[in-house]
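Coordinate inspection notes
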Amino acid sequence: MLTRRSQVIAGILLLSIVTIEAGGVFETQISNGNVETTDFQASFWRAGHGHAGVMVSLSLIALLLADGARVAWGAVGWLARLAIPIGGLLMSAGFFLSALGDGATGPNGFVVVLGLGGVCLAVGVVTLAVTLLVPSLQERSPDAAFPDLT
């Protein structure tokens with residue numbers, strides 16, 4: 001069962017899918033030749049769109065894992081639940097923003113946002129993994145079916 005906090009986060013993530021759909025419409029316009037872009041811009045915007053969809057899905061799964069394991073809601077628990085969607089947002093924004101500009105053939109200075117997103121995503125995934133593997137970071141003892149093997 002999802003906690004109320006995770007329900008709110010999940011609701012926001014689900015609403016963000018509408019923006020991903022709008023990006024899909026834009027991608028279709030590019031594919032149809034209705035929007036003039038360079039090959040670089042088309043590929044970076046396609047990558048941003050794809051990353052957005054995958055990261056929302058991963059973020060929803062992460063919420064289920066964190067709440068299913070009853071990861072505590074301290075700083076580590078918040079990081080485990082929010083760093084993944086924030087990383088996804090930053091990565092997608094990095095792809096989109098770094099390809100702006102008429103006739104751009106390479107990334108502009110906003111490409112740093114893409115890297116920040118990657119770091120944030122890695123921190124979130126590692127934090128969630130550790131919280132799932134370390135019972136003391138959870139609000140309950142390990143399952144009886146899985147005794148402590150240390």
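This text gives an overview of the structure that appears in the document. Predicted, not measured: the structure shown is a model, and the values here were computed from it. (Residues numbered from 1 in each chain as written. Predicted model: local features only at pLDDT ≥ 70, side-chain atom pairs only at ≥ 80, totals over all residues. Heavy atoms only, no water.)

Examining the environment of glutamate 139
Looking at the element boundaries, glutamate 139 is found in the segment after helix H4 (111-133). With a relative accessible area of 54%, glutamate 139 lands in the exposed category. Expressed as a C-alpha distance, the spacing of glutamate 139 and leucine 89, which sit 50 residues apart in the sequence, is 29 Å. (Helix = DSSP H or I, 4+ residues; strand = E, 2+ residues; numbered from the N terminus. Buried < 20%, exposed > 50% of the residue type's maximum accessible area, 1.4 Å probe, protein only.)

Observations regarding the packing of helix H1 (residues 4-31) against helix H2 (residues 39-68)
Contact pair H1 / H2: the axes reach a minimum separation of 10 Å and the direction vectors enclose 160 degrees. In terms of orientation, H1 lies roughly antiparallel with respect to H2. Taken as a pair, H1 and H2 cross one another with a handedness that is left-handed. The class makeup of the residues in the contact of H1 with H2 is 14 nonpolar, 7 polar and 3 charged. (Axes fitted to C-alpha atoms, helices over the stretch in contact; angles between N-to-C directions. Parallel < 35°, antiparallel > 145°, perpendicular 65-115°, else oblique. Left-handed = near helix turned anticlockwise from the far one by under 90°. Nonpolar A, V, L, I, M, F, W, Y, C, P; charged D, E, K, R; others polar.)

Overview of the packing of aromatic side chains
Considering all chains together, one arrives at 4 aromatic pairs under this definition. Relative to phenylalanine 44, the ring of phenylalanine 40 has its centre 4.6 Å away and its plane inclined at 40 degrees; by these criteria the two rings are tilted. With phenylalanine 40 and phenylalanine 44 both in helix H2 and 4 residues apart, the pair spans about one turn of that helix. Assigned by exposure class, phenylalanine 40 and phenylalanine 44 land together as buried. Aromatic pair phenylalanine 44 and phenylalanine 95: ring centres 5.2 Å apart, planes at 75 degrees, arrangement edge-to-face. A residue pair is termed long-range when its members are at least 10 positions apart, and phenylalanine 44 in helix H2 and phenylalanine 95 in helix H3 (residues 75-97) qualify at 51 residues. Each member of the pair, phenylalanine 44 as well as phenylalanine 95, is classed as buried. (Phe/Tyr/Trp six-rings, centres within 6.5 Å; stacked < 30°, edge-to-face > 60°.)

Notes on unusual backbone geometry
Positive phi is not limited to glycine here, since arginine 70 has a value of about 55 degrees. Note that arginine 70 resides in the loop between H2 and H3.

So, the environment of phenylalanine 26
Position of phenylalanine 26 among the secondary structure elements: in helix H1. For the pair formed by phenylalanine 26 and alanine 99, sequence separation is 73 residues and the distance between their alpha carbons is 14 Å. For phenylalanine 26, the residues in contact, after removing those within four places along its chain, are Val35 and Trp45. (Contact = heavy atoms within 4.5 Å.)

Here we look at H4
Counting along an α-helix, one turn takes 3.6 residues, and residues three or four places apart therefore face a common direction. For H4, which comprises 23 residues, the first-to-last C-alpha distance of 34 Å matches the rise-based estimate of 33 Å (1.5 Å per residue) to within 8%. Among the residues making up H4, those that are buried are Val113, Leu114, Gly117, Cys120, Leu121, Gly124, Thr127, Leu128 and Thr131. (Expected span 1.5 Å × (residues − 1).)

Describing the pattern of salt bridges
All chains considered together, the criterion is met by 1 salt bridge. Across the pair aspartate 67 and arginine 81 runs a salt bridge, and its minimum N-O distance is 2.9 Å. Residue aspartate 67 is found in helix H2, and its partner arginine 81 is found in helix H3; the two are separated by 14 residues along the sequence. Each member of the pair aspartate 67 and arginine 81 is classed as buried. (Salt bridge = Lys/Arg side-chain N within 4 Å of Asp/Glu carboxyl O.)

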